[in-house]
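# Descriptive analysis of the structure
Okay, here's what each chain looks like letter by letter:
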Amino acid sequence: MGCTCSSGGTKVAPEDEPNKPKDDVVVPPSEPDPSDEETLRVEGVDFRVAANTRDHRTDRYDVTEGPDGKLVVRRGQPFIVQLRFSRPYSQQKDDLRLLFETGEKPDRKKGTQVEFVLSAKDRKGDWGARLTQQADKVVDLKVFTPPHCQVAQWSLKVDVVKRQDEKVSLFRYTHHDPVYVIFNPWCKDDTVYLDSEKEREEYVLNDKGKIYVGSHYRFSAKPWVFGQFTDPVLDCCMYLLDRCKLREGERGNPVHVVRRLTALVNSPDEGGVLSGNWSGDYSGGKSPLSWTGSEPILSQFYKQKTPVKYGQCWVFSGVLTAVCRALGLPARSVTNFSSAHDVDASITIDKFIDENGNPLKGRSRDSVWNFHVWNEVWMVRGELPAGYGGWQACDATPQEESQGVYCCGPCPVRAIKEGEVNLGHDGPFIFAEINADRITWMEQADGTLVKARVDKTVVGKKISTKSLGEGREDLTLCYKHREGSTAERIALRRAQQLSSSPYDYLEEDSPQDVHFQLLYDADNTYVGDKFTLTLQCRNSSQQARTVEGTVSVKTMFYTGVQADDVVRHPFKGVLLEGGKSERVEVMVKEDDYLGKLKDMCHLSFTAMAKVTETGQIFTETSEARLRKPHLQIQGPSTAKVGEKFEVQVTFNNPLSQELTACYLELEAAGFTKANYPQSDVDGKGTFSHSLKLTPNKKGPREIVFIFNSKQLEDINGTHAVFVV
């Protein structure tokens, strides 16, 4: 459906310029004399909230409900305002003006103050109003907003002008409730117009979803409740826009709005919504893994006006998705597995090691995260060449400063794919995240650097978002050409023309006759189980080769930062006869890693090998994620508003050690959020808890449950119920 911007009507006033007042006389407003029955007085305004919000698809906002419900409308689409007067309104003798204002100091020149009289014409793309119906003292007006107007809370004032004996009097009625005007993906003239109803349902109206986490070897969908319609999310979003201090015209431009929101969802610069923490110590706040939705974070921030503790990338993304959807912007969370963090704008990830394979500290802060979650927002990019509108990548996680502020994007996804990193915002950084080469440099005894390895295909894997159904949509080929293809290498070279890399690594590798492969079965291993790590060595020459080196396992944060040693296995004198293979195997047991695992149970595997006869060097770093169990939830598929129902939550503890400091949380729109402390769970024991829930809102609901303990976090599950 496009915006409804044109229709007929009976002529009301001779003016054909609805934004232009009848005269330039500035008259201070005053109250009419109650005994003066001739003077038209506005006695009430009805925003017809139920009907308007239904037409504008905004009736799910909590703020619109009840007898005191506020009006939320999408710009570029008309809405009805009903005026009640002290006597019947006369088109011939009564001069009526509407005044809409927003901001602390409304100003016509800045577009924050708009005044117009009734007109018989529907002005497409402009402010205006026309009379559609009159019954005695009550009139209905159809009010038009332009599809580019500022997204804000607008106040309404109605002025009645009285002229008598060359004296002009102005009587003003000020309505007590604001009108929330938001972006409109249903309006063809709005720059965020999206022409698919299914996509609008998913990316604007869906208040729950999935955020993918893990590694490209083993990932899972973390259920997330965006809660964009829950009170006070919309008010919090308007507060954030007020804090943006955008210049005139920018508050209606999604490019500027989204860029400022990526800065205000994090806290380093301006004390925004969420404080990041990747240390593993979350004292004084809440572990990022324990969040299940955006609304509790936005509610706490709006109430306290201080950053909420703590978030990591998927939390920042979930909050930004909620804020964008609340404001009418089509948005989704996107996960990039094996995501590069390029600190020096070289569009390479440089790793430095010594001759024993140990990392050289202080040489580079580049890293490859197991996964990173950012956002896409849909919009037209009229300021860019044709074809660069559509999905734009943006990121609220505070990684690197952009123009002195921790913000990122929006950058066209197409520009990233083609290596056109000069278009949009922060193209080089985002391009490196999905397509940087990883270079391993070895420092020799004399201090010179030798290229030990070039990995051209390890970055940017299985880029994922929730599909229009319940599955996963793979966006990898939207962000990059097929790995190793000529087009992919051309895009990389194009991007590198703007890079700052001081190293020359693009020459082809020299032939090497011993081939190594790092193998492991941890991909299907649950926390608490053992697994084997294997370095396979194959000699393709006819001469004997001797190999020595090290295979090691460390725990790691999902950001790619290695943590504690688990196993370190040096080996020497592995003889490879001509054309033969040998294996170096390392067994890793539960006792080796218990107590060392970080939030998401990621492990880093490193193999370093050297061929004695030829000096050939091999180094490889890979990673895996140990699996966690999921909550098993049993409960009814239907329920009634105000009536309790029971659910049973269970899972088996995969660890041999006891789980302590346990608690269970739930998150769902239409339910009271709760935290249920739990008893300790025995090693290899079963957790089971029964609870009764009471829905307070009808419609389809997905309840997200999460179990946390000191030893094991983020054991989650969902249960769908239809509330009538």
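Here the structure is a predicted model, which means the values were calculated and not measured. (Residues numbered from 1 in each chain as written. Predicted model: local features only at pLDDT ≥ 70, side-chain atom pairs only at ≥ 80, totals over all residues. Heavy atoms only, no water.)

Let us look at the overall build of the protein chain. A tally of helices and strands in the protein chain yields eleven helices and 39 strands. Expressed as lengths along the three principal axes of its C-alpha atoms, the size of the protein chain is roughly 115 × 60 × 40 Å. Going through the 724 residues of the protein chain one by one, you find that 56% of them count as buried. Summarising the internal contacts of the protein chain: among those between residues at least 6 apart in sequence, 69% fall at separations of at least 24. Summed over its atoms, the accessible surface of the protein chain is roughly 30200 Å², and 46% of this surface lies on carbon and sulfur atoms. When the 93 basic and 103 acidic side-chain charges of the protein chain are each reduced to a single mean position, those positions are 2 Å apart. (Helix = DSSP H or I, 4+ residues; strand = E, 2+ residues; numbered from the N terminus. Buried < 20%, exposed > 50% of the residue type's maximum accessible area, 1.4 Å probe, protein only. Contact = heavy atoms within 4.5 Å. Areas by Shrake-Rupley, 256 points an atom, 1.4 Å probe, with all protein chains shown as cover. Lys, Arg positive; Asp, Glu negative; His and termini not counted. Charge placed at Lys NZ, Arg CZ, Asp CG, Glu CD.)

As a further point, take the pairing of strand 37 (residues 686-693). Where a strand is regular, its side chains alternate between the two sheet faces. Only one face of strand 37 is buried, namely the one carrying Phe687, His689, Leu691 and Leu693, since none of Thr686, Ser688, Ser690 and Lys692 on the opposite face is buried. Bridge count for strand 34 (residues 645-652) against strand 37 is eight bridges, and the pairing is antiparallel. Residue Gln648 lies in a different strand from strand 37, and its bridge partner there is Ser690. (Pairing = 2+ DSSP bridges.)

Those residues of helix 5 (residues 295-304) lying buried are Glu295, Ile297, Leu298, Ser299 and Phe301. Of the surrounding elements, those touching the buried residues of helix 5 are strand 13 (219-225), helix 3 (233-244), strand 14 (274-276), strand 15 (308-311), helix 6 (313-326) and strand 35 (663-667). Phi turns positive, to about 60°, at Lys305, one or two residues after helix 5.

Let us now look at the sheet that holds strand 29 (residues 581-588). With antiparallel pairing, the three strands of this open sheet are ordered in space as 25-26-29. Each edge of the sheet is formed by a strand with only one pairing partner; in this case those strands are strand 25 (514-520) and strand 29. The mean angle between the axes of side-by-side strands here comes to 15°, regardless of whether they run parallel or antiparallel. Bridge analysis of strand 25 against strand 26 (residues 531-539) gives seven bridges, and the strand direction is antiparallel. Its bridge partner being in strand 26, Val514 is matched across the sheet by Asn539. (Axes fitted to C-alpha atoms, helices over the stretch in contact; angles between N-to-C directions.)

A few words on helix 6. Over its 14 residues, helix 6 extends 20 Å from the first C-alpha to the last, a length consistent with the 20 Å expected when each residue adds 1.5 Å. Within helix 6, 14 of the 14 residues are buried, leaving the element largely enclosed by the surrounding structure. (Expected span 1.5 Å × (residues − 1).)

Looking at the protein chain, pLDDT values average 89 and 93% of them are 70 or higher. Low pLDDT, under 50, characterises residues 1-25; the stretch is placed with 69 contacts to residues that sit more than four places away or in other chains. (pLDDT = per-residue confidence, 0-100.)

Moving on to the pattern of salt bridges. Here the structure, examined in full by the defined rule, presents 36 salt bridges. Asp455 is paired through a salt bridge with Arg453; the nearest N and O atoms lie 2.7 Å apart. The salt bridge involving Asp565 is made with Lys554; its shortest N-O contact spans 3.7 Å. Here Asp565 is found in strand 28 (residues 562-576), whereas its partner Lys554 is found in strand 27 (residues 545-556), with eleven residues between them in sequence. Within the structure, one salt-bridge network assembled from shared partners comprises Arg438, Arg453, Asp455 and Glu620. (Salt bridge = Lys/Arg side-chain N within 4 Å of Asp/Glu carboxyl O.)

Inspection of the secondary structure assignment puts Ser464 in strand 23 (residues 461-466). A polar contact of 2.6 Å, which involves the side chain of Ser464, links it to the backbone oxygen of Lys462. A polar contact of 2.7 Å, which involves the side chain of Ser464, links it to the side chain of Arg472. Setting aside anything within four residues of it in sequence, one finds Ser464 in contact with Tyr212, Ser333, Val334, Thr335, Phe337, Arg472 and Glu473. (Polar contact = N/O pair within 3.5 Å; in protein donor to acceptor, adjacent residues only side chain to side chain.)

On to the nonpolar core. Ranked by internal contacts, the top residues of the largest apolar core, which has 63 residues, are Leu234, Trp314, Leu327 and Phe371. Per element, the largest residue contribution to this core is ten residues, and it comes from helix 6. With 56 residues, the next largest nonpolar core counts Leu576, Ile633, Phe707 and Ile715 among its residues. (Core = buried A, V, L, I, M, F, W, Y, C linked by side-chain atoms within 4.5 Å.)

So, on to unusual backbone geometry. As a rule of thumb, non-glycine residues mostly have phi less than zero, and peptide bonds are mostly trans rather than cis. Residue Tyr310 is bonded to the preceding Lys309 through a cis peptide linkage, with omega at 5°. Note that Tyr310 resides in strand 15. Of the consecutive residues Gly409 and Pro410, the connecting peptide bond is found in the cis state with omega at 0°. One can find Pro410 in the loop between strand 19 (390-394) and strand 20 (411-412). A positive phi is found at Ala345, a non-glycine position, where the angle reads about 60°. Among the structural elements, Ala345 can be located in the loop between strand 16 (331-341) and strand 17 (348-353). On the basis of relative accessible area, Ala345 is assigned to the partly exposed category, the value being 39%.

So, about the sheet that holds strand 24 (residues 472-474). Ordered in space as 20-19-18-16-23-24, the six strands form an open sheet in which the pairing is antiparallel. In the strand order of this sheet, the two ends are held by strand 20 and strand 24, each with one partner. Of the strand pairs in this sheet, strand 18 (residues 367-379) and strand 19 are connected by five bridges, and their pairing is antiparallel. Bridging from a neighbouring strand, Glu376 pairs with Ala393 of strand 19. Sitting on the sheet, helix 8 (residues 427-435) is in contact with strand 16, strand 18, strand 19, strand 20 and strand 23, with an inclination near 70° to strand 16.

Now for the packing of helix 3 against helix 4 (residues 254-264). The N-to-C vectors of helix 3 and helix 4 enclose an angle of 100°; their axes lie 10 Å apart at closest approach. With respect to helix 4, the axis of helix 3 lies roughly perpendicular. On helix 4, the residues touching Leu240, Leu241, Arg243 and Cys244 of helix 3 are Val257, Arg260, Leu261 and Leu264. When grouped by side-chain class, the residues that make up the contact of helix 3 with helix 4 number six nonpolar, no polar and two charged. (Parallel < 35°, antiparallel > 145°, perpendicular 65-115°, else oblique. Nonpolar A, V, L, I, M, F, W, Y, C, P; charged D, E, K, R; others polar.)

Moving on: the state of the cysteines. Counted under the stated rule, the structure contains zero disulfides. Cys237 forms no disulfide, and the closest cysteine sulfur to it belongs to Cys236, at a distance of 5.8 Å. Free cysteine Cys407: the closest other cysteine sulfur is in Cys408, separated by 7.5 Å. Under the relative-accessibility criterion, Cys407 is labelled buried at 9%. (Disulfide = S-S within 2.5 Å.)

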